[in-house]
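Here's the letter readout for the chains.
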Amino acid sequence: MTTMIEQDFYYTVEKPATAEFKDRGSKFIAFAFPINTIEEFKQRLEEVKKEHPKATHHCFAYRIGTDKNVYRVSDDGEPSGTAGKPILGQIDSKELTNVLIVVVRYFGGTLLGVPGLINAYKSAASMVLQVMPATQRFIEVPYTVNFDYSQMNEVMIVVKQLNCTVLGQDLGLFCHLRIGISKARLQEALYRLGDLRGVEVKKA
């Protein structure tokens, strides 16, 4: 029996990118976006549709989550399986997540057929991922840190030294700090923060 090792990081695209692929008159413009939520996906897709309102198709695929189990594909009127799945295949071939790829098509008058469409969408997605190579992101776990204002300096020293991400804060006489702690340094962070007098650390 093989035991799966849980990783402390994942790969995604660092920032938005664009690439173009042409085949027999049709133009395929691919957009890659880093996303973290379904809401971000909807926003990015709407942006592309507004930028290319006259495109005949707006096909896409995304995968979200460090366990990579949230995904969706769309052929947007193309023959079933000719667009979304080939796009998702390129995301998966690079072992990426938290990624959206949208490929818009301007029809050039010549039918490409099913094999041609699959190749075109696959090629466009592959090209945009070559423009923006993958980057490694450490998986963070959200925690809430509660402490008296007089302990601010001690808490923030630990937060900065361990490169925790500040997700939210409410700073008064009694402070509430919401942080993201890298899984790779989780035990160290919990130990150091928990060792501070009167500091309460809870998983968010």
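Residues numbered from 1 in each chain as written. Predicted model: local features only at pLDDT ≥ 70, side-chain atom pairs only at ≥ 80, totals over all residues. Heavy atoms only, no water.

### Structural notes on helix 2 (residues 84-93)
Part 1 of the argument: Within the span of helix 2, buried status applies to Gly84, Pro86, Ile87, Leu88, Gln90 and Ile91.
Part 2 of the argument: Here the buried face of helix 2 lies against strand 4 (57-64), strand 5 (70-74), strand 6 (99-106) and helix 3 (113-131).
Part 3 of the argument: In the segment just after helix 2, glutamate 95 is the residue with positive phi, at about 55 degrees. (Buried < 20%, exposed > 50% of the residue type's maximum accessible area, 1.4 Å probe, protein only. Helix = DSSP H or I, 4+ residues; strand = E, 2+ residues; numbered from the N terminus. Contact = heavy atoms within 4.5 Å.)

### Comments concerning the sheet that holds strand 6
Part 1 of the argument: What the five strands build is an open sheet, ordered 2-3-6-4-5; its pairing is antiparallel. The sheet is open, and its two edges are formed by strand 2 (17-23) and strand 5, each paired on a single side. Averaged over neighbouring strand pairs, the angle between their axes works out to 15 degrees when direction is ignored.
Part 2 of the argument: For strand 3 (residues 26-34) and strand 6, the ladder comprises eight bridges, and the chain directions are antiparallel. When the sheet's bridge partners are listed, phenylalanine 33 is paired in strand 6 with leucine 100.
Part 3 of the argument: Where helix 3 meets the sheet, its contacts fall on strand 2, strand 3, strand 4 and strand 6, and the angle it forms with strand 2 comes to roughly 150 degrees. (Pairing = 2+ DSSP bridges. Axes fitted to C-alpha atoms, helices over the stretch in contact; angles between N-to-C directions.)

### A few points about the sheet that holds strand 8 (residues 140-148)
Part 1 of the argument: With antiparallel pairing, the four strands of this open sheet are ordered in space as 9-10-8-11. At either end of the open sheet lies a strand with only one pairing partner, and these are strand 9 (165-170) and strand 11 (200-203). Taken pair by pair, the neighbouring strands of this sheet meet at an average axis angle of 20 degrees, ignoring direction.
Part 2 of the argument: Of the strands in this sheet, strand 8, strand 9 and strand 10 (174-182) touch helix 4 (residues 152-161), which is tilted by about 10 degrees from strand 10.
Part 3 of the argument: The strands touched by helix 5 (residues 186-194) are strand 8, strand 10 and strand 11; relative to strand 10, the strand with the most contacts, the crossing angle is about 160 degrees.

### Focus: the confidence of the model for the chain
Part 1 of the argument: Residues of the chain with pLDDT of at least 70 account for 97%, and the chain-wide mean is 91.
Part 2 of the argument: Low confidence marks residues 1-5, where pLDDT is under 50. Its contacts with residues over four positions away, or in another chain, come to zero contacts. (pLDDT = per-residue confidence, 0-100.)

### Concerning the side chain of aspartate 23
Part 1 of the argument: Checked against the element boundaries, aspartate 23 lands in strand 2.
Part 2 of the argument: At 3.5 Å, the side chain of aspartate 23 and the side chain of arginine 24 are in polar contact.
Part 3 of the argument: Dropping the residues within four chain positions of it, aspartate 23 is found in contact with Leu112 and Gly116. (Polar contact = N/O pair within 3.5 Å; in protein donor to acceptor, adjacent residues only side chain to side chain.)

### What to know about the packing of aromatic side chains
Part 1 of the argument: Following the criterion strictly, the structure yields seven aromatic pairs and no others.
Part 2 of the argument: When the centroid spacing of 5.6 Å and the interplanar angle of 80 degrees are considered together, the rings of phenylalanine 9 and tyrosine 11 count as edge-to-face.
Part 3 of the argument: Plain terms: the ring middles of phenylalanine 41 and tyrosine 62 are 4.6 Å apart, the flat faces sit at 50 degrees to each other, and that makes the pair tilted. One end of the pair, phenylalanine 41, is in helix 1 (residues 38-51); the other, tyrosine 62, is in strand 4, with 21 residues separating them in the sequence. (Phe/Tyr/Trp six-rings, centres within 6.5 Å; stacked < 30°, edge-to-face > 60°.)

### Considerations on the environment of tyrosine 121
Part 1 of the argument: Here tyrosine 121 shows up in helix 3.
Part 2 of the argument: C-alpha of tyrosine 121 to C-alpha of isoleucine 29: the two residues are 92 residues apart in sequence and 9.3 Å apart in space.
Part 3 of the argument: Contact partners of tyrosine 121, with chain neighbours within four places excluded, come to Phe28, His57, Cys59, Glu78, Thr82, Ala83, Pro86, Ile87, Val103 and Arg105.

### Observations regarding unusual backbone geometry
Part 1 of the argument: Residues other than glycine seldom take positive phi values, yet glutamate 95 does so here, at roughly 55 degrees.
Part 2 of the argument: Locating glutamate 95 in the fold gives a position in the loop between helix 2 and strand 6.
Part 3 of the argument: A relative accessible area of 53% means that glutamate 95 is categorised as exposed.
Part 4 of the argument: In this structure, asparagine 98 is a non-glycine residue whose phi angle is positive, near 55 degrees.
Part 5 of the argument: Its relative accessible area of 7% is what places asparagine 98 among the buried residues.

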